[in-house]
Structure formats: C-alpha cells, structure tokens
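Secondary and tertiary structure notes
Spelled out from the first residue to the last, the chains are:
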Amino acid sequence: MMLCFTLNGRAVSLDVAPDRRAVDLLREDLGALDVKEGCGTGECGACSVLIDGVQKLSCLLLAAQLEGCAVVTAAGLGEGDAPHAVQRAFAEHGAVQCGFCSPGMAVAAAALLAGNPQPTRQEIRRAISGNLCRCTGYAMIVDAVEAAAQELAQANAEEGGKP
Amino acid sequence: MTKPPAPPSPPRADALQKAIGAERYTFDIQAEDCLFAGAYRPGAAAKIAHGRVRAVDAAAALAVPGVVRVLTAADVPGANRQGIVHKDQPVLCGEVIRHCGDPVALVLAATPDALREGLAAMRADIEPLPGVFDPEAALKKDAPQVHAGRKGGNLLLGALIEKGNARAALKTAPVVVRGRFSTPVQEHAFLETQCGQAQLLPDGVLDMTVSTQSPFRDRFEIGHALGLDPFKIHIRAPHLGGGFGGKDGSTVQCLLGLAALKAGGRPVRMVWDREESILAGYKRHAVRLRYALGAERDGTLVALSCRVVFDTGAYAHLGAEVMELSMEHAAGPYRIAHARVEGRCVYTNNPVAGAFRGFGVAQVSPAFEGLMDELAAKLGLDPLELRRINALSPGDENSAGVRLGGSVHLNECLDAVAAHPLWTTRAQWQAEAPPFARRGVGLAAVFNGMGYGRGLADMAIAKVELTGTGGFLVYSAVADMGQGNSSAFAFLASQELNQEAAAITLLQPDTERCHPSGSSSAGRTTYTYGNALLKACAAMREKLLARGAAILMVDRAQDLELVPGAVRHPATGRTLPLALLGRLLHRDDRLAVSEFIMPVAENPPDTGRAFMIGFPHCIFAFAAHLARIEVDGLTGRVRVCDYLCATDGGRVLHRQGFDQQAQGGAAQGLGYALFEDFRQRDGNILTRDLSTYLIPTALDLPDMASLAAKGCEQSGPRGLKGVGEVGMNGPGPAIAAALYAATGAHLRDLPFTPERVLAALKKSPRGRRP
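Once a new chain begins, its residue numbering starts again from 1 and follows that chain's sequence as written. Following the order in which they are written, the chains are lettered starting with A and the ligands numbered starting with 1. Per-residue local features are limited, in this predicted model, to residues with pLDDT of at least 70; the limit for side-chain atom pairs, both in listing and counting, is 80 or more; totals at the level of whole chains, interfaces and linings are taken over all residues.

1. Quick notes on the environment of Leu634 of chain B
All names here are of chain B. Rule in force here: Only runs of H or I of at least four residues qualify as helices and only runs of E of at least two qualify as strands under DSSP, and these elements are numbered from the N terminus. Exposed residues have 12 or fewer other C-beta atoms within 10 Å of their own C-beta, buried residues have 20 or more, and partly exposed residues fall in between, where C-beta atoms are placed from the backbone.
Its place among the elements puts Leu634 in the loop between strand 28 (620-632) and strand 29 (638-648). Classification of Leu634 as exposed rests on a count of 11 C-beta atoms within 10 Å. For the pair Leu634 and Leu758, spaced 124 residues apart in sequence, the C-alpha to C-alpha distance is 7.7 Å.

2. Things to note about the interface of chain A and chain B
Going by this rule: For every residue pair, C-beta atoms are placed from the backbone, and the pair is scored as a contact if these atoms sit within 7 Å.
Contacts between chain A and chain B engage 46 residues on the former and 48 residues on the latter. Breaking the side of chain A that touches chain B down by element, the ones donating at least two residues are helix 2 (85-92), helix 3 (102-115), helix 4 (121-127) and helix 5 (139-161) of chain A.

3. Section: helix 2 of chain A
In an α-helix, one turn spans 3.6 residues; hence positions three or four apart end up facing the same way. With eight of its eight residues buried, helix 2 of chain A lies for the most part within the structure. Within two residues after helix 2 of chain A, Gly94 of chain A carries a phi angle of roughly 75°, on the positive side.

4. Considerations on the sheet that holds strand 2 (residues 51-57) of chain B
Residue and element names in this part refer to chain B. Cut-off, in case you're wondering: Strand pairing is defined by DSSP finding a minimum of two bridges between the two strands.
Spatial ordering of the open sheet is given by 6-2-8, a layout of three strands whose pairing is antiparallel. The open sheet is flanked by strand 6 (96-97) and strand 8 (123-128), the only strands paired with a single partner. Relative to strand 8, strand 2 is paired through six bridges, and the arrangement is antiparallel. Among the inter-strand pairings, Ala55 is bridged to a residue of strand 8, identified as Asp125.

5. Concerning the domain arrangement of chain B
Residue and element names in this part refer to chain B. Test applied: What marks off one domain from the next here is an automatic or database domain assignment. In the scheme used here, Gly and all other residues not listed as nonpolar or charged are polar, with Ala, Val, Leu, Ile, Met, Phe, Trp, Tyr, Cys and Pro taken as nonpolar and Asp, Glu, Lys and Arg as charged.
Entries for chain B in the domain assignment read domain 1 (30-129 + 194-271), domain 2 (283-453 + 604-763) and domain 3 (459-597). Contact residues are listed per partner, giving 19 residues for domain 1 and 13 residues for domain 3. Contributing elements (two or more residues each) for the side of domain 1 that touches domain 3: helix 7 (215-226) and strand 13 (233-236). Residue composition of the side of domain 1 that touches domain 3, grouped by class: six nonpolar, eight polar and five charged.

6. What to know about the environment of Leu552 of chain B
Residues and elements named next belong to chain B. Mapped onto the secondary structure, Leu552 falls in helix 17 (residues 525-552). C-alpha of Leu552 to C-alpha of Arg574: the two residues are 22 residues apart in sequence and 8.0 Å apart in space. Those residues in contact with Leu552 that lie beyond four places of it in its chain are His569, Arg574 and Leu576.

7. Description of the nonpolar core
All names here are of chain B. To be explicit about the condition: What makes a nonpolar core is a set of buried Ala, Val, Leu, Ile, Met, Phe, Trp, Tyr and Cys residues, with links drawn between C-beta atoms within 7 Å.
Counting 319 residues, the largest nonpolar core has Val107, Ala259 and Leu739 as the members making the most contacts within it. With ten residues, helix 17 is the single largest residue contributor to this core. Excluding residues that lie within four positions of it along the chain, Ala259 makes contacts with Ala37, Leu106, Leu108, Ala198, Val268 and Met270.

8. Side note on the pairing of strand 1 (residues 35-40) of chain B
Residues and elements named next belong to chain B. Burial of strand 1 is extensive: six of the six residues sit out of reach of the surface. Residues Leu35, Ala37 and Ala39 line one face of strand 1 and the alternating positions Phe36, Gly38 and Tyr40 line the opposite face, and both faces are buried. Bridge analysis of strand 1 against strand 14 (residues 268-271) gives two bridges, and the strand direction is parallel. Bridge assignment links Phe36 to a residue of strand 14, and that residue is Arg269. With five bridges connecting them, strand 1 and strand 7 (residues 105-109) associate as antiparallel partners. Paired with Phe36 across the two strands is Ala109, which belongs to strand 7.

Next up, the structure:
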C-alpha cells in the first residue's frame, strides 16, 4: 500500500506491505536507526516513538497504522539539530550507560514532560516504567528528567517574560 | 519538586551521542546486500533437552523462496568445538543435543522474512535421551552422561581451597551456625541481544563486527572451532548495548563465521531475538551452598567450612573459572584462621551458564552474609559491629591465605553506613511501619577480586597517536559494554596529555588497529588498560617535548611543557602548535604504545591446585550496602524503600561513572534478590521472554545513595580499582538481612519472591504477630 506520514517533521511517502512492522519500516526502509529493538514483543520500550505526540511501541505497530500520523523518533525530539532538553539532561546527569534504551527512554520522558511539565519523581518513574534499562537502576534517569523539567520551565518563564 | 543535585562530573564522552540515538551499535550495522543467518534449535519446541540427532531435514526450508543455504555439522570445518577454556561446545550439533537451545542447523536467507519461514520449515528427528537436570543427581553413579565417554563423567571440576584446619576448629568453636543456601540462574537481559555481521573478503580475511566483550580472544575461539587462521580473522567491537558478562566469549561469532564461509563472499548478519537470547545465551550459574561458620563468643570468626555445587549446564564455558571466584570469596571479606572450601562444578542438561557481573561472588555473598546475620542474632551482637570486628584490614590474610598488599577500606565503608541516617534512624523507621506492613533495615559487607588472577597475564597494550592535525587518537582495545571505560580512557588521556577533551578521539576496539588487551570483564578494564594508557601518554608527552625541543632549538626537552594544542617553552613563551608538529612527524613517530600487566599475589598459598589459572587474586574492591524494605504482610511483596552503597574502589576518577557502577550493580543485584525468577522444567525454559522473566522497572527500584570510601590503590591508574563487579554482590544479602529484621525469618533461597516471603512469615514466630 502507499503510505504517507511525517517522520521527524519530514513528509514521507512510500510503498510498503501493510503488515510490515513499523519498527522495520522505520529502521530498514527509512534508516531511522535511532529506533532500537530489544524484544519485539512490547516489553522493553526500546522501540518507543511518538505517534501524534503519544508514546507508542513501534514493534507492536503495523506500517498501515502510521498513515497520516506525525511520527517522531529520538533523533527528532529536539528542534532542528539541537538535542531535546531531556537528552542533554540524560548526558549530564548520568542517565546513559550502554545507551541502548536511551533513545526510547528519551521519547518516554519527552512525552511525559509535554503533558506534565512539573512531574514528581514518582510520576516520572511511572511514565518511564514501560522502558526497561538494565544498566542504570533508573535513579539517574529520574534525576535527569527532573532537571530537564526545571530547565524547560525556566526557559518557558523567560519566554513568557519577554515583552 | 525538590531540586536535583548538580551533576558531579563532566558528562561521559559517549552519553549525548547515545541519548540522541546517533551511536551505531553492532545491531545497527547491516550491509545493503547481506544475507540473514539463523540457528535452528529444535530442542525448544520439541521440549527435548537431551537427545540424539537422528536426522536433520532441510528440504522444506530450502524450498522456501529466499532461503539460500542450510548448513549442518557436516559443513563445519575445523574442530566444531567452541569454548573459552574447555572446547566442548559444538558450533552445530551433529550427534547429540545437550540442552534445549543447542543448534543443529544454520539457515541462510536473503531476507528476514525468508529466514523466519525457512527456520519454521526446518525439521529434525531427535530421539530423546534421559537427561539430568539436577547437579547433585548428575554426580550419582548411574546418572545420564551429558558428555558420553568423558573422563570424569559429569564432574567438570572438583576443587579445594584450604587454609588451616577448619574441621578441627569447628569442633572446638564455642558457637557454630550452619545453613544451606541456594542462588538461582540469572539472565543478563542486556537490551541489545547477541548480534553481529561477518563477511569473507576476497583476500581470505574473515571480517566481523560483533557485540562482544572479548574481540581479541574471539579470534582464537572462532579459529579453533572453524579451522581458520586466527590472524586472518578481523573483529571490530563497537559500543555494546549491554554485556554484563554474557557477551564474553562466542555467542553468534562461530555461527556467523561459519555462515560467512559459505555465503559466497556476501556479508551475513545474525541477530538473536529475545527468545533466542534467553534460550541460547549464557546465564549466571545456579549454585547450592552448605555452610558452617564457627566463632568465639565475642564474635571473632574462627573457622568456615563450605561446599558449593555449581550447575554449569550443558557446556563448561567459564564454569570452573566462575566457581574459582566463588570459592576464593566464600568466607566473605573477613579475617578467619581456618577455612575449607570445596567446590564441584557439574554438567547437566540445563542451559549453559557463564560469566555474569559478580562472577561467582554474587552467588556466595548471600551465604556468608546470611550466616553472619545468624551469628549476630545468636550472640546478641549488632550485625554491623560483628562485621567491624572481623573486617579485613590492610596487611591481613584473607580466607584463601593471601596477604592483602593492596588497598583495603572495608572499615571505612562500614563506618559510612554506620553513620548514615538510614542506619542510625532504623529503629524508629521500622517502628513506624504502616498497617499490615513490616519494615526492616539490613546491611551486608562484600568484596570482589579484581583481574584475571594468577596464571594468565592480565595485560593491556595501549596505543595513542598524534594526528596530522594535532589531535590525539586513543585506540581503546577493551570493549565498552556500557560501563564507560572508553569515556574514562578519553578522560585519562586528556588529563595526562594536558589537552582539551575535544582534542581526544576515542576509537573502539578493532583487532587490526589495536593491540591485544584482554576482555572487558573482571573489574579490570579501566584498571589495566588505564594503566597502560597513562604509560603510553607519558611516553607520547616525552616524545613530543623531545621533538619540540629540536624544532624550537631549545637545549633541554625538560624545559618545555605540553599545553593544550601546543608544545610550549615557558621561559620564552614560544610555542609549537601540535597541528604543525603532527605534520612534521612521520606517522611511525606519532605513535606511542605501552603495556601494563596487573600485579599478582606474591607467595601464593599452596592450595586451590585444581585451578590452573585464575587463583588467587590480590586486589579487591570492597563495599557495604544497606537496604530499607517494607514487606506487605498480606501478600509477601517486598518494596525496597531506600538503598545505600558505600564502595571502596580506590581513588575515584570520575564520580558520576563511579556512582553509575555502584547503582547499576545494585540494581541488577536487587533484581537477582527479589524479582528475577528463572524457571525451567526438565531443561526446558519456562520464562522465555521479558514478560515472564521480570527485570526491575523504574517502579521497582528506589532512589539510591552512593558513597565512596577515601582510598587509593597504589598500583591503579590515578589510584583507582575496578568497581564494576562489587555492587552486584551486596543486594542479595542486604535484602535477606532486611527481611530478617522485618520478619524474624532467615531466608536462604534467592530470589525472595512474595510466595517465599509469605511462607517465611507464616513460619516465623515474629511473623504471626498481628
């Protein structure tokens, strides 16, 4: 089938088998290697992407389900080439070790902050609980998301304060 | 919302690249025209863990469009045996399968879909053979033989480490506590499953990219298994998506090499999916332990007697080597005059066990610390005080008879826990348990030997290059599985060469351009390579100053200094930019290569003779851990409320990296202690995916505090010791101790599942209170 959607803001249109997994479409057909796959059964969250702003697991989605959607991967979270505040905070606060979960984790964290700009630590833990990390023990990831929330709040305040 | 603490160190060099998804792992490397290889493992579906291979039928698979070839044992050149030390594991099984994940064929296909269909169309006729799934049953005379005709039967190795006369001392010890313990299989569950790509190049070189902890050694394992010249095997090891020991030694390597040999020069990719990773990957050894610990009435330890039985599964892999560390650490980080530790490592038809963070030590820690708690209870001593009385100090002899010449700061770790509010306020905190809940606070003291031990050189060879544009390349030769060693190398080089971080480019291991430096394992990675790197950087500095002196016409090189981007003559302020020096020097002259070999125990004790390599160790990391838990009295569910690690890893080079290792190790240890319940029946795995084998999520783990003892290991780079392993060893015993504080029951079998906790609660006299 012909499929049209946007990937990280760029319009794509391609001919694809409708039952192709979204993760394969993204990685193999479109080269979005920032989307990882850790289990293929929706348990690990490494393949998380934003579909119209909502965190989804691309290993459980079929290509056809992307029709008309805005798909954002870790590489597209920031503005232009600049990383998202969450990604910068991940790096600064030790949230990254092997890093294989990090793109999906960043997607989960960015989705949280978009809907809840001032989450508690427990809310952060809940929001990332579908994303497994085997290296960190999560505490530094929670630190990083808190720090990103503060940074975004500050940036918004400055923005709002402008004449 | 509380303000998070400021970041304690400069960020890891690899972190942002990974967070934005730009890092390319082996999993991401896929050549345009590659074939896809997959192993056919018939035991899993047929529920046969031990069977004779009567026939392998590939006809239907070969009829699937896109299937290119099907290979069987008959196609394997060479020994068809892989293994790190003992070569006993077929690449493809021709006659017998010995565990449910053993492969009998390798399918090559043009697309992943064709591969999947081809694998589904494969048939094999496997005649079930009686299997043996219990290591103690496997030692009985009439037990089925896992390796028929093997001298020694199912006993891979029996060993003894002995000091003094433990039997006699136990007879006269005023107080003796005894117990049987068990520790379970644990799955590594790295997020990036085992994977790689291989291609046979026209010049006969087998070119591979693999998610591996041991690229240099892999060449020899592959070469032996497939009858290839190891020096015509070229392996690259990009950043790993986790390893933890499970990628030490061949996973996909031999299968991939075989596929590449038969692929007509096309690249071949192999990725194990999660189920295959669990089915065929190496796991932590399950161990049974019988302990007796004797002490004086004042708590001074006198004697330990212990027997461990290791289930290595169908193949040796690193079974004997892991057991060695168990035995060497069996008495805990304590002074003890008499110790007798017997070990038996046994073949069964269970999945294959191997290296896993805490390498044998995580298995014995719940036992020695469990008995320390029972001893404290029996003597009416404070458990922390009992540990202080006996804790190893500098210059002490450990239970294996090795005098500790390296840094030993266990007492500082214990002091840090003793002074911490999580410990000092424990009585009140426990008393404030909410309705239907019980609270407990427990602690544990642990240690972990560093390096390969005596008998094989723990060596690294570092290489640094001044580039033609005045920057520096550091050729890391030890894989980075996520622990951050490559970032540490870049950090060390930038300090030692006095250059900006941006001037240092870190290259990942590649057997063609780096020098053999061992595996990423054993808490040795940053220690051994880091030492070699500091030497190489010092040699580089000396060379650049000497060349600079000649060019600047300064008489003495020592009058110059290396500053960011230049060689400088402080007396006159003249500088020679490194970018110019890089262009002036021939490439041969822009290199510095230096080696380091880890020291070994001098005058090793005359025991542990069964271990040809690896015994004993002489440098140890230490830690004291504390857990605060809440037990749901109705369900038996344990919630970890707070966790504290105080770690002696020598001098801290990079605080954030240090804390990452402490917290990450503790997290895996908490999974091992509480959640990860690997189930198998007659050699068949019941927990085949991450929805049945549960690793901790963000909701299962608490915030953790990490403290660092102020020590310095004289032999270490900038005074550091390896801290990758020791954090894994604390949670098992710390949680057991907290459970005892909460329930009055000593739990001796990991994991402490709600069922086990509830059963213990029902039996415990304190458990029945309302």
